[in-house]
Amino acid sequence: MSNITVKNLTIGEGIPKIVVPLMGATDAGILEELQHVKSLEPDIIEWRVDAYMEVEKLESVMAALATIRVALDDIPLLFTFRSHKEGGNRVITDSYYVELLTTAIRSNEVDLLDIELFYQDVIVKSLIKEAKASGVCVIVSNHNFTHTPSRETIISRLREMQSLGADIPKIAVMPTNTEDVLTLLDATNSMVTHYADRPIITMAMGSEGLISRLAGEVFGSALTFGAGKEVSAPGQIDTKDLRIVLEILHKNK
């Protein structure tokens, strides 16, 4: 399996890398939140731009992005607009989604970009091509907040992301019982063992799925998401606690 290098960070080897979200709604809120998130020493910071009140004003987004980039120093930045249908905070048109992500790519301010799998194929493919041309690492993602698909479906979606050219395929599911969590972990292990040629991210959300956020090194998930000032999805835990557990598992592997 090939690793992915973003700035000085190697994704796909050793301890899963920790991503912490920025969820501020205003410029002032983001700047205040940044100080706390940076103090947690995350490997990657994710700007959840769908939480930003002025997300539909492209100039405001780009100005905020430039401010965030300067504040992060060498910490890699993941730019994410999470659609409402996959748990995000805003509803926007497909055309604005393309414009927003394309502008972010061309800004040279982002290191990683989240693209949702279930936008139209032509949109996904064009954004991946644009990102790769600019040297931006692509996470192609799918989030299911209602249930956990079958093992076969999870693997199929991850393989589809890989075939589309995702640098890192990602899937998040909602378990209703421990069997669902085992399904996600089994699919992760099978994907890594038989199909993946690059790092992947998987997780079961909510308190039921907490183990999937902790045991990525065991089952094959290369990144995990910890809570900053706010959580961006159910089941995220304090980043400091998360790091302690990850290091214990790594030390005793």
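Because the structure is a prediction, the values reported are computed rather than measured.

Participant: Hey, could you go over the UniProt feature "binding site: 3-dehydroquinate" (unreviewed entry) in the protein for me, with residue numbers and the actual values?
Facilitator: As recorded in UniProt, the sites labelled "binding site: 3-dehydroquinate" (unreviewed entry) are Glu46, Trp47, Arg48, Arg82, Arg213, Ser232 and Gln236. A relative accessible area of 3% places Arg82 in the buried class. Those residues within four positions of Arg82 in sequence are excluded, and the remaining contacts are Glu46, Arg48, Asp50, Gly87, Gly88, Asn89, Asp114, Glu116, Ser141, His143 and Lys170.

Participant: Summarise the packing of helix H1 (residues 27-39) against helix H2 (residues 58-72); cite the residues concerned and give the values.
Facilitator: Put simply, H1 and H2 touch, their axes get as near as 11 Å, and they point 20° apart. Between H1 and H2, the angle is such that the two are roughly parallel. In this structure, H1 meets H2 at a crossing whose hand is right-handed. Where H1 abuts H2, its residues Asp27, Ile30, Leu31, Leu34 and Lys38 lie against Ala64, Thr67, Ile68, Ala71 and Leu72. Looking at the contact of H1 with H2 residue by residue, the classes come out as seven nonpolar, one polar and two charged.

Participant: Lay out unusual backbone geometry in plain terms, naming residues and giving numbers.
Facilitator: In this structure, Lys7 takes a positive phi of about 55° despite not being glycine. Of note, Asp73 is a non-glycine position whose phi angle comes to about 60°, a positive value. Its place among the elements puts Asp73 in the loop between H2 and strand S5 (77-80). Taking relative accessible area as the criterion, Asp73 reaches 51% and is therefore assigned exposed.

Participant: With reference to specific residues and values, describe helix H9 (residues 239-251).
Facilitator: Over its 13 residues, H9 extends 18 Å from the first C-alpha to the last, a length consistent with the 18 Å expected when each residue adds 1.5 Å. Those residues of H9 that sit buried are Thr239, Leu242 and Leu246. Buried positions in H9, seen along its axis, are confined to an arc of 55° and lie on one side of it. The secondary structure elements touched by the buried residues of H9 are strand S3 (17-22), helix H7 (210-214) and strand S10 (223-225). Capping the start of H9 is the job of one residue whose side-chain oxygen sits 3.0 Å from the backbone nitrogen of Lys240: Asp238.

Participant: Go over the sheet that holds strand S8 (residues 168-173), please, and point to the residues and values.
Facilitator: If you trace the eight strands from one edge of the open sheet to the other, you get S9-S8-S7-S6-S5-S4-S3-S10, paired in parallel fashion. The outermost strands of the open sheet, each flanked by one partner alone, are strand S9 (201-204) and S10. Neighbour-to-neighbour, the strand axes of the sheet open up by a mean angle of 25°, direction not taken into account. The sheet contact formed by S5 and strand S6 (residues 112-116) spans two bridges and is parallel. Looking at the pairing, Leu78 lines up with Leu112 of S6. Those strands touched by helix H3 (residues 94-106) are S5 and S6, and its axis lies near 165° from that of S6. In this fold helix H4 (residues 121-133) packs onto S6 and strand S7 (137-143), with an angle of close to 170° to the strand it touches most, S6.

Calculation criteria
Residues numbered from 1 in each chain as written. Predicted model: local features only at pLDDT ≥ 70, side-chain atom pairs only at ≥ 80, totals over all residues. Heavy atoms only, no water. UniProt positions renumbered as here; feature names shortened; annotations may be inferred. Buried < 20%, exposed > 50% of the residue type's maximum accessible area, 1.4 Å probe, protein only. Contact = heavy atoms within 4.5 Å. Axes fitted to C-alpha atoms, helices over the stretch in contact; angles between N-to-C directions. Helix = DSSP H or I, 4+ residues; strand = E, 2+ residues; numbered from the N terminus. Parallel < 35°, antiparallel > 145°, perpendicular 65-115°, else oblique. Left-handed = near helix turned anticlockwise from the far one by under 90°. Nonpolar A, V, L, I, M, F, W, Y, C, P; charged D, E, K, R; others polar. Expected span 1.5 Å × (residues − 1). Arc of directions from axis to C-beta. Polar contact = N/O pair within 3.5 Å; in protein donor to acceptor, adjacent residues only side chain to side chain. Pairing = 2+ DSSP bridges.

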